[in-house]
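Structural overview for review
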Amino acid sequence: DTGVSQDPRHKITKRGQNVTFRCDPISEHNRLYWYRQTLGQGPEFLTYFQNEAQLEKSRLLSDRFSAERPKGSFSTLEIQRTEQGDSAMYLCASSSHRDSNEKLFFGSGTQLSVL
Amino acid sequence: DAKTTQPNSMESNEEEPVHLPCNHSTISGTDYIHWYRQLPSQGPEYVIHGLTSNVNNRMASLAIAEDRKSSTLILHRATLRDAAVYYCILLINFGNEKLTFGTGTRLTIIP
C-alpha cells in the first residue's frame with residue numbers, strides 16, 4: 001500500500017495560465033475525491049468519482065475547473081485561466097466501496113500559488 | 001448536512017490525556033460521527049468513527065453521549081506528534097463519503 005500520491009507537490013503559475021494536477025489513488029480503491037483547502041479552513045469538497053464516472057460536482061467547481069478519471073484509476077484536475085483566488089491546497093482522497101469503514105485516505109496535496 | 005461545533009484551539013501537556021469535544025445537536029439517527037486529523041503539511045487522516053457506542057482503536061477512543069448530541073475524542077497519552085487540527089464530521093450512513101469539514105480544533109502539545 002503506497003498511499004494516495006499527488007503530483008506536483010507545489011505549483012506556481014501566473015494568472016491566466018492553465019494548470020493540471022494528477023492524483024494516483026490506492027490501487028484497489030474505486031472512489032476518488034478532490035478537495036480544496038485555503039489557509040485556516042477545513043477542506044472543501046469539489047468532486048467525486050466512482051470508477052470513471054463523475055457522480056457529483058460541487059458548485060465551487062466553476063466552468064474553469066474540469067476533472068477526469070479516464071480509466072477509473074488515476075485522476076487529473078485541470079484549472080483553466082487561473083485566478084489569484086484559485087491559490088489553495090488541492091487534496092485528493094480515495095476510498096474503497098468494499099471497505100465497511102468507508103474511510104477516506106488523503107494524499108499530501110498540491111499547493112497552488114497563482115501570481 | 002448536520003453541523004458540528006468544536007473549539008478553535010486547545011492545548012495539552014505531553015504525555016497527558018486529551019479530551020477533544022464536539023457538539024452535534026442536530027444529528028440524525030443515521031449519522032455516523034467521524035474524526036479526522038490533519039498534521040502540518042499533510043492531508044487529513046482518519047482517526048476513528050462511531051454511531052452510538054463508545055469506540056476504541058490504536059489511535060484514540062471515541063466517547064459518544066447517550067443522546068448523541070455530543071462526542072469526545074480521547075487521546076490517552078498525547079505526544080508531540082499528535083499536534084494537529086482535529087475535525088469532527090457527521091457522515092450519513094456511508095451512503096456517500098463526501099466529508100464536510102468545519103474549521104476543526106487546533107491541538108497544541110506542550111513539551
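Everything in this summary refers to the structure shown in the same document. (Residues numbered from 1 in each chain as written. Chains lettered and ligands numbered in written order. Predicted model: local features only at pLDDT ≥ 70, side-chain atom pairs only at ≥ 80, totals over all residues. Heavy atoms only, no water.)

Topic: the overall build of chain A
Worth spelling out the cut-off: What counts as a helix is a DSSP run of H or I of at least four residues, what counts as a strand is a run of E of at least two, and both are numbered from the N terminus. Taken over C-alpha atoms, the radius of gyration is set against a globule rule of 2.2 Å times the number of residues to the power 0.38.
Across its full length, chain A carries zero helices and 11 strands. Along chain A, from the amino end to the carboxyl end, the secondary structure elements read β-β-β-β-β-β-β-β-β-β-β. Relative to a compact globule of 115 residues, whose C-alpha radius of gyration would be 13 Å, chain A shows 14 Å and is just as compact. Its C-alpha atoms put chain A at 40 × 25 × 20 Å along the principal axes.

Let's talk about the overall build of chain B
For clarity, the threshold we go by: The buried label goes to any residue with under 20% of its type's maximum accessible area, the exposed label to any with over 50%, and the partly exposed label to all in between, with areas taken from a 1.4 Å probe on protein chains only. Working rule for contacts: check all heavy atoms of both residues, and any pair within 4.5 Å makes them a contact. Here the accessible surface of atoms and residues is derived via Shrake-Rupley with a 1.4 Å probe, and residues count as covered only by protein chains that are part of the display. Residues scored as positive are Lys and Arg, those scored as negative are Asp and Glu, and His as well as the terminal groups of each chain are ignored. Taken as the charge location is NZ of Lys, CZ of Arg, CG of Asp or CD of Glu.
Summing up its helical and strand segments, chain B has zero helices and nine strands in all. Helices (α) and strands (β) of chain B occur, in sequence order from the N terminus, as β-β-β-β-β-β-β-β-β. Rg of the C-alpha trace for chain B: 13 Å, near the compact-globule value of 13 Å for 111 residues, within the 12% margin. Expressed as a percentage of the 111 residues in chain B, the buried residues total 45%. Summarising the internal contacts of chain B: among those between residues at least 6 apart in sequence, 57% fall at separations of at least 24. Summed over its atoms, the accessible surface of chain B is roughly 5,600 Å², and 47% of this surface lies on carbon and sulfur atoms. Taking the average location of the 9 positive side-chain charges in chain B and that of its 11 negative ones, the two points are 5 Å from each other.

Brief notes about the nonpolar core
Residues and elements named next belong to chain B. Test applied: Residues belong to one nonpolar core when they are buried, are Ala, Val, Leu, Ile, Met, Phe, Trp, Tyr or Cys, and are joined through side-chain atoms within 4.5 Å.
One finds L20, I33, W35, L73, L75, Y86 and L107 to be the most contacted residues of the largest nonpolar core, which totals 20 residues. Those elements that place two or more of their residues in this core are β2 (18–23), β3 (31–38), β4 (45–50), β6 (61–64), β7 (70–75), β8 (84–92) and β9 (105–110). Considering every element that reaches this core, the biggest residue donor is β8, with four residues. Discounting residues that sit within four places of it in the chain, L75 has contacts with E16, P17, V18, M59, A60, D82, Y86 and L107.

Section: the pairing of β6(B)
Residues and elements named next belong to chain B. Convention followed: For two strands to count as paired, DSSP must find a minimum of two bridges between them.
Looking at chain direction, strand β5 (residues 55–56) and β6 are connected through two bridges and run antiparallel. Looking across to β6, one finds that N56 is bridged to S61. Adjacent in sequence and paired antiparallel, β5 and β6 are bridged by four residues. Pairing between β6 and β7: four bridges, direction antiparallel. Bridge assignment links I64 to a residue of β7, and that residue is S71. The loop that links β6 with its antiparallel partner β7 comprises five residues; one of these, R68, has a positive phi angle of about 65°.

A word on the state of the cysteines
This is how it is decided: For this text, the term disulfide refers to a pair of cysteine sulfurs within 2.5 Å.
Evaluation of the coordinates by the stated rule reveals two disulfides over all chains. Note that A:C23 is cross-linked by a disulfide to A:C92, the S-S spacing being 1.8 Å. Its S-S torsion of approximately -70° makes the covalent link between A:C23 and A:C92 left-handed. Of the two residues, A:C23 is situated in strand β3 (residues 19–24) and A:C92 in strand β9 (residues 88–95); the sequence distance between them amounts to 69 residues. Each of the two residues, A:C23 as well as A:C92, counts as buried. Disulfide partner of B:C22: B:C88, at an S-S distance of 2.1 Å. Classification of the bridge connecting B:C22 and B:C88 rests on its S-S torsion, roughly -80°, and on that basis the disulfide is left-handed. Of this pair, B:C22 sits in strand β2 while B:C88 sits in strand β8, and the two are 66 residues apart along the sequence.

Looking at the packing of aromatic side chains
Rules: When the centres of two rings from Phe, Tyr and Trp lie within 6.5 Å, Trp using its six-membered ring, the rings pair. Their planes under 30 degrees apart give stacked, over 60 give edge-to-face, and anything left gives tilted. Two conditions define a charge located above a ring, namely a distance within 6 Å from the ring centre to NZ of Lys or CZ of Arg, and an angle within 35 degrees of the ring normal.
Counted according to the given criterion, the structure contains 11 aromatic pairs over all chains. Ring centres of A:Y35 and A:F45 lie 5.9 Å apart, and the angle between their planes is 75°; this geometry places the pair in the edge-to-face category. Of this pair, A:Y35 sits in strand β4 (residues 31–37) while A:F45 is found in strand β5 (residues 44–50), placing the two residues 10 residues apart along the sequence. For the residue pair A:Y35 and A:F45, the accessibility class agrees, reading buried in each case. Aromatic pair A:F106 and B:Y36: ring centres 6.3 Å apart, planes at 85°, arrangement edge-to-face. One end of the pair, A:F106, is in strand β10 (residues 105–106); the other, B:Y36, is in strand β3, on a second chain. Cluster of aromatic residues (ring-pair linked, three or more members): A:Y35, A:F45, A:F106, B:Y36, B:Y46, B:Y87 and B:F101. In this structure, A:R22 is placed above the aromatic ring of A:F74, and the distance from its NZ or CZ to the ring centre is 3.9 Å.

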